[in-house]
Amino acid sequence: MRIMSNIYDNRIKSTNLYVETTFGEYLQYAKDLIKNNDLQRKRVKTSQTVYSLLKEDLLNGCVIPPLVLAIMSDSTLKNMKSDKLQDYIKTNREKVLILDGLQRTHTLIAAERDAFEQKKEDFYDYKLRLEVYVNINKFGVLYRMLTLNTGQTPMSPRHQLEMLYSDMLDTEVNGVKLIREVEGTANADKKEFIFKNTIDGFNSYMSRNALPMDREEMLENIKMLEKMSKENISGDIFKSFLEGYIKLFDILCEKAKNCYADQDKLHEYEIKSSPFARKASKAFSTSQALTGYGAAMGIMKDKRIIEDFDSLDKIVKDIKYNYIDDEDGEWFMEFLKRMD
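Residues numbered from 1 in each chain as written. Predicted model: local features only at pLDDT ≥ 70, side-chain atom pairs only at ≥ 80, totals over all residues. Heavy atoms only, no water.

**Section: the sheet that holds strand E4 (residues 96-100)**
Backbone hydrogen bonds are what pair the strands of a sheet, in a parallel or an antiparallel way. For the record, the criterion: Whether two strands pair depends on DSSP finding at least two bridges between them. Helix and strand definitions follow DSSP, with helices as H or I runs of at least four residues and strands as E runs of at least two, each counted in order from the N terminus. Where helices are involved, their axes are fitted lines through C-alpha atoms of the stretch in contact, as for all axes, and angles between N-to-C directions lie from 0 to 180°. The contact criterion used throughout is that any non-hydrogen atoms of two residues lie within 4.5 Å.
Read from one edge of the open sheet, five strands run E1-E2-E5-E3-E4, paired in mixed fashion. Among the strands making up the open sheet, the edge pair consists of strand E1 (2-9) and E4. On average, adjacent strands in this sheet sit at an angle of 25° to one another, irrespective of strand direction. Seen against the sheet, helix H4 (residues 102-118) touches strand E3 (67-72), E4 and strand E5 (127-136) and runs at an angle of roughly 105° to E4.

**Details of the nonpolar core**
Just so we agree on the cut-off: Nine residue types can take part in a nonpolar core, namely buried Ala, Val, Leu, Ile, Met, Phe, Trp, Tyr and Cys, and a core is a set of them joined through side-chain atoms within 4.5 Å. We call a residue buried when its accessible area falls under 20% of the maximum for its residue type, exposed when it is over 50%, and partly exposed in between, using a 1.4 Å probe and counting protein chains only.
Phe202, Phe241 and Tyr245 are the most contacted members of the largest nonpolar core, which totals 50 residues. When residues in this core are grouped by element, the largest group, 11 residues, is from helix H9 (residues 237-255). Ignoring sequence-local partners within four residues, the contact set of Phe241 consists of Thr198, Gly201, Phe202, Tyr205, Leu290, Tyr293, Gly294 and Phe309. The next biggest cluster of nonpolar side chains, apart from the first, holds 32 residues, and it includes Ala30, Leu59, Leu108 and Ala115.

**Brief notes about the environment of Arg11**
By secondary structure assignment, the location of Arg11 is in the loop between E1 and strand E2 (14-22). A residue is classified by how much of its surface remains accessible, and Arg11, at 26% relative accessible area, is partly exposed. In this structure the C-alpha to C-alpha distance between Arg11 and Tyr143, which are 132 residues apart in sequence, comes to 9.5 Å.

**Overview of helix H7 (residues 195-207)**
In plain terms, the rule: To estimate how far a helix should extend, the number of its residues minus one is multiplied by 1.5 Å.
The end-to-end C-alpha distance of H7 is 19 Å, a good match for the 18 Å that 13 residues give at a rise of 1.5 Å each. For H7, a buried count of 12 out of 13 residues is recorded, marking the element as mostly surrounded by other parts of the structure. For H7, the complete set of buried residues consists of Phe195, Asn197, Thr198, Ile199, Asp200, Gly201, Phe202, Asn203, Ser204, Tyr205, Met206 and Ser207. Where H7 terminates, the next one or two residues include Arg208, which has phi positive at roughly 60°.

**Quick look at the side chain of Thr198**
Our working rule: We call two N or O atoms a polar contact when they sit within 3.5 Å, provided that within protein one can donate a hydrogen and the other can accept it, with sequence-adjacent residues counted only if both atoms are side-chain atoms.
For Thr198, the location among the structural elements is in helix H7. At 2.6 Å, the side chain of Thr198 and the backbone oxygen of Phe195 are in polar contact. Once you skip the residues sitting within four places of it in the chain, Thr198 turns out to touch Leu178, Phe193, Phe238, Phe241, Leu242 and Leu290.

**Quick look at the pairing of E3**
Remark: a regular strand shows side chains that alternate across the two faces of the sheet. In terms of burial, E3 is largely enclosed, as six of its six residues are buried. Residues Leu67, Leu69 and Ile71 point to one face of E3 and Val68, Ala70 and Met72 to the other, with burial holding for every one of them. Relative to E5, E3 is paired through six bridges, and the arrangement is parallel. Bridge pairing in E5 links Val68 to Glu131. Note: E3 against E4, four bridges, orientation antiparallel.

**A few points about the sheet that holds strand E6 (residues 172-173)**
Strand order in the open sheet formed by three strands is E6-E7-E8, and the pairing between neighbours is mixed. Each of the sheet's edge strands pairs with one partner strand only, and the pair in question is E6 and strand E8 (192-194). Sheet topology places E6 next to strand E7 (residues 176-179); two bridges connect them, and they run antiparallel. Across the sheet, residue Glu172 finds its bridge partner in E7, namely Lys177. Against the sheet, H7 contacts E7 and E8, and its axis sits at roughly 65° relative to E8.

**Quick notes on the environment of Leu27**
Looking at the element boundaries, Leu27 is found in helix H1 (residues 23-33). The sequence separation of Leu27 and Ile109 amounts to 82 residues, and the corresponding C-alpha distance is 7.1 Å. Non-local contacts of Leu27, meaning those with residues more than four positions away in its chain, are made with Leu108, Ile109, Glu112, Phe123 and Tyr124.

**Some points on the packing of H7 against helix H12 (residues 287-302)**
The condition is simple: Here the angle decides the label: under 35 degrees means roughly parallel, over 145 means roughly antiparallel, 65 to 115 means roughly perpendicular, and every other value means oblique. Left-handed describes a crossing whose near helix is turned anticlockwise from the far helix through less than a right angle; right-handed describes the clockwise counterpart. Basically, the charged four are Asp, Glu, Lys and Arg, the nonpolar ten are Ala, Val, Leu, Ile, Met, Phe, Trp, Tyr, Cys and Pro, and anything else, Gly included, counts as polar.
Direction vectors running N to C along H7 and H12 enclose 25°, while the axes themselves pass 7 Å from each other. Judged by the angle between their axes, H7 and H12 are roughly parallel. Handedness of the H7/H12 crossing: right-handed. Contacts between H7 and H12 involve Asn197, Thr198, Asp200, Gly201, Ser204 and Tyr205 on the former and, on the latter, Ser287, Leu290, Thr291, Gly294, Ala295, Met297, Gly298 and Lys301. Here the contact of H7 with H12 is composed, by residue class, of four nonpolar, eight polar and two charged.

Structure below.
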């Protein structure tokens, strides 16, 4: 492995290394890179496609476009030499993502099996080029993944968000724990949010749309990229998004602590099916609440009503609820009826 050049990407604040390596060196860790995240897009079927032709070309030593890798933020990577970089990737594979070239990597692995059967001993010496983004944060990874894949058939932006932030599962942000949906119903009273709901909300913030996107994925990517290009990438935007919502969630739960939809109230308001929620903590931890918040925050930012998520603090503090005039929690029941 040789580092041929070193260029700093000012947009995503990361160093891009142009690396020359061989099939053999890359295959030492490639098998782990394609499986180190179970949310990555699966292999595209290669029968009768360009990938089956590519496999044959690889066996004959063709030169393919550079594969693009990313090594997540790690200050020890600064000014790393070629031999150290190879060792780092091999021993820290869980920190390496394939930004562009996942299907080519699958094809290269398949070609290795054929090379072994055909006893092509020179296969491992064929040259391969990599671009490696080092010390890159999650926003930078997402931005580059979208720019590299737009125009192809990529994962949806929402799926890529879920993949990038999957390490936040079972962790806490400002006292709120993010849990998997399969673990059972999240207990909002214990400050538990379903991880997927928070991703839905963040996706709505990026797309400025509270509804599920059903357009052509390429157009969806471009729309999100236009919004992302205006963001300051120095911090973790997803974390800022979530922290802002938790402030809103806390005060809504506090103001509505006496509101509860019992069976009599449901009958009175003619809510015949299961209610959207029986109390505020449940109602405001749902995907609908998070996506509504995300889209609204994005639109307010575009219209310059707010500058960032911290601007929400004053608005949140001004939320009022008059217990005397609404002793029975009528506003909450009206809300449930509309959601129903």
